[in-house]
Amino acid sequence: MKILMVCLGNICRSPLAEGIMKTKLSGEFFVDSAGTISMHEGEHPDKRAVKTASHHGIDISKQQSRPITNSDFENFDLIYCMDRKVYQDVMSKAPYEQKQKISLFLEANGSNSDTEVPDPYWGDMKDFEHVFQLLDNRCNTIAQQLMTEFSAIKNSK
Ligand code: 4NP
């Protein structure tokens, strides 16, 4: 099962989401991240994202930004978008048959609150910590669901 986290620059939100999700899933899962723009291609995550993750015991410092590619739509089973603009951009790039893989990361998270992970790029460390908490909470729910579904599929074979 392959999961792709997507934001705009792939230096703040989706690298954090990738790092967090990797700590919650077993080895049968592969997690990666990408951006909708290539402006930061090859760069490591924003220092503030690296510091926030490190504060929680997660090392994202070696990740490198990359833009989403056409082959991602074939290669990944689930594609999670950090906000509505990213969702619209990813949906517009995806071939028709692959569109059902794409969803908003915070959608249907059991509350009526925000469905977007706010962009912390223009903010400060507090904004990064807030984003970390949003991502961490939602990753807990998604990881639990995925592992339950995955073991059910395995047991039925
Ligand atoms: P991200 O944050 O999408 O969470 O990686 C941003 C990174 C870079 C820019 C905007 C948002 N930028 O304008 O360069």
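See above for the structure.
Computed from a prediction, not measured in an experiment: that's the story for all the values here. (Residues numbered from 1 in each chain as written. Predicted model: local features only at pLDDT ≥ 70, side-chain atom pairs only at ≥ 80, totals over all residues. Heavy atoms only, no water.)

The phi angle at Asn10 is positive, at roughly 55°, despite the residue not being glycine. Relative to the helices and strands, Asn10 resides in the loop between strand 1 (2-7) and helix 1 (13-24). (Helix = DSSP H or I, 4+ residues; strand = E, 2+ residues; numbered from the N terminus.)

Right, let's talk about the environment of Asn155 for a bit. As for its placement among the helices and strands, Asn155 is situated in helix 5 (residues 125-156). The exposure class of Asn155 is exposed, given its relative accessible area of 65%. With 86 residues separating them along the chain, Asn155 and Thr69 place their C-alpha atoms 34 Å apart. (Buried < 20%, exposed > 50% of the residue type's maximum accessible area, 1.4 Å probe, protein only.)

Here the largest pocket defines a volume of roughly 170 Å³. Of the residues contributing to the lining of the largest pocket, the split by class is eight nonpolar, two polar and two charged. (1 Å grid on protein atoms, 1.4 Å probe; cavity = no way out; pocket = protein on both sides within 12 Å on 5 of 7 lines; lining within 4 Å. Points joined across faces, edges and corners; volume = space filled by probe spheres on them. Nonpolar A, V, L, I, M, F, W, Y, C, P; charged D, E, K, R; others polar.)

Let's shift gears to the site of the ligand. For the ligand, the full set of nearby residues is Cys7, Leu8, Gly9, Asn10, Ile11, Cys12, Arg13, Met39, His40, Asp119, Tyr121 and Trp122. For the ligand, the protein covers 93% of the area, taking 360 Å² as the surface of the free molecule. Assessed atom by atom at 2 Å from the grid points, the ligand resides in the largest pocket. Taken together, the residues of the shell around the ligand sort by class into seven nonpolar, three polar and two charged. (Near = heavy atom within 4 Å. Areas by Shrake-Rupley, 256 points an atom, 1.4 Å probe, with all protein chains shown as cover. Sits in = over half its atoms within 2 Å of the grid points.)

Enumeration over the complete set of coordinates arrives at four aromatic pairs. Centroid distance Phe29 to Phe150: 5.1 Å. Interplanar angle 50°. Geometry classified as tilted. Of this pair, Phe29 sits in the loop between helix 1 and strand 2 (30-35) while Phe150 sits in helix 5; the two residues are 121 residues apart in sequence, bridging distant segments of the chain. For Phe29, a relative accessible area of 10% translates into the label buried. Directly above the aromatic system of Phe30 lies the positively charged group of Lys2, at a separation of 5.5 Å from the ring centroid. (Phe/Tyr/Trp six-rings, centres within 6.5 Å; stacked < 30°, edge-to-face > 60°. Lys NZ or Arg CZ within 6 Å of the ring centre and 35° of its normal.)

So, about the sheet that holds strand 4 (residues 102-104). With respect to topology, four strands assemble into an open sheet ordered 2-1-3-4, the strand pairing being parallel. A strand with exactly one partner marks an edge of an open sheet, and here the two such strands are strand 2 and strand 4. Strand-to-strand, the axes of this sheet are offset by a mean angle of 25°, without reference to chain direction. Where strand 1 and strand 3 (residues 78-81) come together, four bridges link them in parallel fashion. If you follow Met5 over to strand 3, its bridge partner there is Tyr80. (Pairing = 2+ DSSP bridges. Axes fitted to C-alpha atoms, helices over the stretch in contact; angles between N-to-C directions.)

For the rest of this paragraph, the subject is the nonpolar core. Core analysis: the biggest nonpolar cluster contains 29 residues, and Met5, Leu16, Met21, Met82, Phe105 and Leu135 have the highest contact counts within it. Contributing elements (two or more residues each) for this core: strand 1, helix 1, helix 2 (47-55) and helix 5. When residues in this core are grouped by element, the largest group, eight residues, is from helix 5. In this view, Met82 contacts Met5, Val6, Cys7, Arg13, Ala17, Leu104, Phe105, Glu116, Val117 and Leu135; residues no more than four positions away in its chain are not counted. In this structure, Leu4, Val6, Ile68 and Val90 belong to the second largest nonpolar core, which totals 13 residues. (Core = buried A, V, L, I, M, F, W, Y, C linked by side-chain atoms within 4.5 Å. Contact = heavy atoms within 4.5 Å.)

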